[in-house]
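Fold and contact review
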Amino acid sequence: MEWIKPGDAEYDSERALFNAMIDKRPALIAKCATAADVVAALERAQADSLGVAVRSGGHSVAGMSTVDDGLVVDVRPMKGIEVDAGARTARVGGGVTWGELDAATQAHGLAVTGGRVSTTGVSGFTLGGGSGWLERSLGLACDNLRAVELVTVDGREVRADAQTNSELLWASRGGGGNFGVVTALEFDLHPVGPELIAGLMMWPADAATEIARAFRDWADDAPNELGSGVVMLNAPPEEFVPESLQLQPVVGVAICWNGDQAAGLEAAATMRDLGPVVDLVGPMPYPVFNSMLDDPPGMRQYWSAEYHAAMPDAALDIWIKYGHSRPSPTTQQLLLPWGGAVREREKESALANRSSTWISHPFGTWEDPAADDAHRAWVKDFGTDIRPHANGGVYLNFIGDEGGNRVVAAFGEENYRRLQQVKAEYDPTNSLRGNQNIVPA
C-alpha cells in the first residue's frame with residue numbers, strides 16, 4: 001500500500017485524469033495492490049470521515065474517478081491477468097487496461113468486447129456496460145462478465161457469480177461502481193482474429209450526406225459480424241492521408257468484421273464502392289485496430305449521447321449539421337449502430353433500451369480552457385435538436401454528470417428499483433456516490 005498526499009512529489013501526476021477539465025484535489029490517494037489494501041483504505045476513509053472515489057483507468061468523462069478533499073482508492077497497481085485458453089476465460093485485476101488485456105488474450109487468439117480506446121480501464125468500462133467494436137457479435141463486455149470480486153464499504157470481500165450473490169452480478173453488469181470497489185473480474189472469452197478485416201475509410205466532408213446515408217442503410221441491416229461507426233472529424237496529419245486533406249474536415253467510416261475474412265471484404269465493398277480518398281480497411285490485428293482511436297491525455301472533454309430506435313433522414317441531417325459545425329478540429333461527431341448480440345442478450349444486464357439501433361455521440365475534445373463554453377454549448381444544442389428523434393435511453397459511459405433522471409433512463413424504472421435494492425444491501429449509506437449514482441432503497 002502506498003499513500004500519496006498533497007505536497008508529495010507525485011501528487012499532481014497521480015491525481016490527473018484523462019479529462020483535463022477535471023482538476024480535483026483529493027486529501028489522500030491510496031495506491032492499492034491487493035484486496036487487503038482496499039479494506040485498509042476504506043477503513044481510513046471511514047475513520048477520517050472522507051468521501052470516497054475509485055480510480056482505475058481514469059477515463060470517466062464526468063471525472064467520477066476522483067473527489068475533492070476525500071480519498072481516492074486507486075486500483076491501478078492491480079495488474080494481474082490470468083488467461084485459461086482451454087476454458088476460454090480470463091481473470092483480470094481491477095487496474096488492467098484494455099490494451100493490456102487484449103495483448104494477453106490475443107496471444108491465444110481470444111478476446112472479449114473491449115473499449116474503443118485501449119487506455120480505458122477494464123473495470124469502469126465493463127461495470128458501465130462495455131460498448132465496443134465486437135459488441136454486435138459478442139455482446140457488451142458486461143454480458144461476458146462471469147464473476148466479479150469486490151470490497152464493500154464495510155470491509156467485506158465479496159464474490160458474485162451465477163451461483164453466489166447472483167443478484168450482485170446482475171447489478172454489476174451495467175450498474176457501475178455503486179456496490180463496492182472491484183478488485184477482480186472474470187470474463188468469458190471468444191475466438192477473435194488474430195487478424196480481422198478492419199480499418200478506416202475517409203471522404204472529404206462535403207460528401208457527408210451521401211456517405212452517412214449510405215452507411216446508415218448498409219449498417220442498419222448488417223450481419224452481426226460487422227462492428228462499425230461513422231464519424232465526422234478532421235483528418236490526422238499522417239502520411240496515409242493525402243497532403244491536401246490533412247487536418248481538413250472529413251467523414252470517416254470505421255469497420256471491424258469479426259468473422260470470415262472473405263465475407264468481411266465483400267461486406268466492406270459496399271462502402272469502398274463510394275470511392276474513399278483514404279482506405280485502410282484490410283487484414284489487421286485486432287489490438288492494432290482497437291487502439292487506432294486512442295486520444296492523448298491532457299485534452300479537455302465534454303460528451304453526451306442519445307439512443308435511437310431509427311435514424312431517419314431528418315435525424316441524420318441534424319447529426320450532419322452538427323458534424324459540420326464542430327467547434328474545434330479535435331472534436332468528433334460519432335454515430336454507432338447497435339443491434340445484433342446487443343439486442344439478443346438484453347436480459348443479462350441492468351441496462352435498458354438495448355433494442356435501440358443507433359447511438360449518437362457528440363464527442364467534444366479540445367485544449368484551450370477559453371473554448372469550454374463553446375464546446376459545452378455545441379454538445380447541449382445537439383442534444384436539444386436530436387432529442388425528438390431519440391427514444392429516451394442513454395449509455396452512461398458516454399456522458400458526463402447529467403443528473404439522476406438520466407441515470408434512471410439508462411436502466412428503466414423497473415431495473416432501477418431492482419438496482420436500488422442491491423445498493424441498499426451492499427452500500428446502504430451511499431458512501432460510493434462518486435459515480436452515475438444509484439440511490440439505495
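Preceding this paragraph is the structure being described.
Now for a look at the structure at hand. The structure presented is a predicted model; accordingly, all values stated were derived computationally and were not measured. (Residues numbered from 1 in each chain as written. Predicted model: local features only at pLDDT ≥ 70, side-chain atom pairs only at ≥ 80, totals over all residues. Heavy atoms only, no water.)

**With respect to the pattern of salt bridges**
- This model, assessed by the stated rule, comprises 32 salt bridges.
- As a salt-bridge pair, Arg15 and Asp23 come within 2.7 Å of each other at their nearest N and O atoms.
- Of the charged contacts in the structure, one is a salt bridge between Asp48 and Arg44, with a shortest N-O distance of 2.8 Å.
- Arg44 sits in the partly exposed class, given a relative accessible area of 34%.
- What you see here is one network of salt bridges that share partners, running through Arg91, Glu149, Arg159, Asp161 and Glu186. (Salt bridge = Lys/Arg side-chain N within 4 Å of Asp/Glu carboxyl O. Buried < 20%, exposed > 50% of the residue type's maximum accessible area, 1.4 Å probe, protein only.)

**Description of helix α7 (residues 208–219)**
- The end-to-end C-alpha separation of α7 is 16 Å, in line with the 16 Å expected for 12 residues at 1.5 Å each.
- When we look at burial in α7, the residues that qualify are Ala208, Ile211, Ala212, Phe215, Arg216, Trp218 and Ala219. Each buried residue of α7 lies within a common arc of 170 degrees when the element is viewed along its axis, so the set occupies one face. (Helix = DSSP H or I, 4+ residues; strand = E, 2+ residues; numbered from the N terminus. Expected span 1.5 Å × (residues − 1). Arc of directions from axis to C-beta.)

**Thoughts on unusual backbone geometry**
- Across the junction of Gly193 and Pro194, the peptide omega takes the value 10 degrees, indicating a cis bond.
- Inspection of the secondary structure assignment puts Pro194 in the loop between β11 (190–191) and β12 (195–204).
- Phi angles above zero are rare outside glycine, and Asn165 is one such case at about 55 degrees.
- Checked against the element boundaries, Asn165 lands in the loop between β9 (157–161) and α6 (166–172).
- Look at Leu247: it is not a glycine, yet its phi comes out positive at around 70 degrees.
- One can find Leu247 in the loop between β13 (226–234) and β14 (249–257).
- Residue Leu247 is classed as exposed on the basis of its relative accessible area of 53%.

**Examining the sheet that holds strand β1 (residues 2–4)**
- Reading across from one edge, β1-β2-β4-β3 is the order of the four strands in this open sheet, with mixed pairing throughout. Both outer strands of the open sheet, β1 and β3 (52–55), are each paired with one neighbouring strand and no more. Each neighbouring strand pair of the sheet contributes to a mean axis angle of 20 degrees, computed without reference to strand direction.
- In the sheet, β3 pairs with strand β4 (residues 71–74) via four bridges, with the strands oriented parallel. Its bridge partner lying in β4, Ala53 is registered against Val72.
- Contacts from helix α2 (residues 35–47) reach β1, β2 (28–31), β3 and β4 within the one sheet, and its direction differs from that of β4 by about 175 degrees. (Pairing = 2+ DSSP bridges. Axes fitted to C-alpha atoms, helices over the stretch in contact; angles between N-to-C directions. Contact = heavy atoms within 4.5 Å.)

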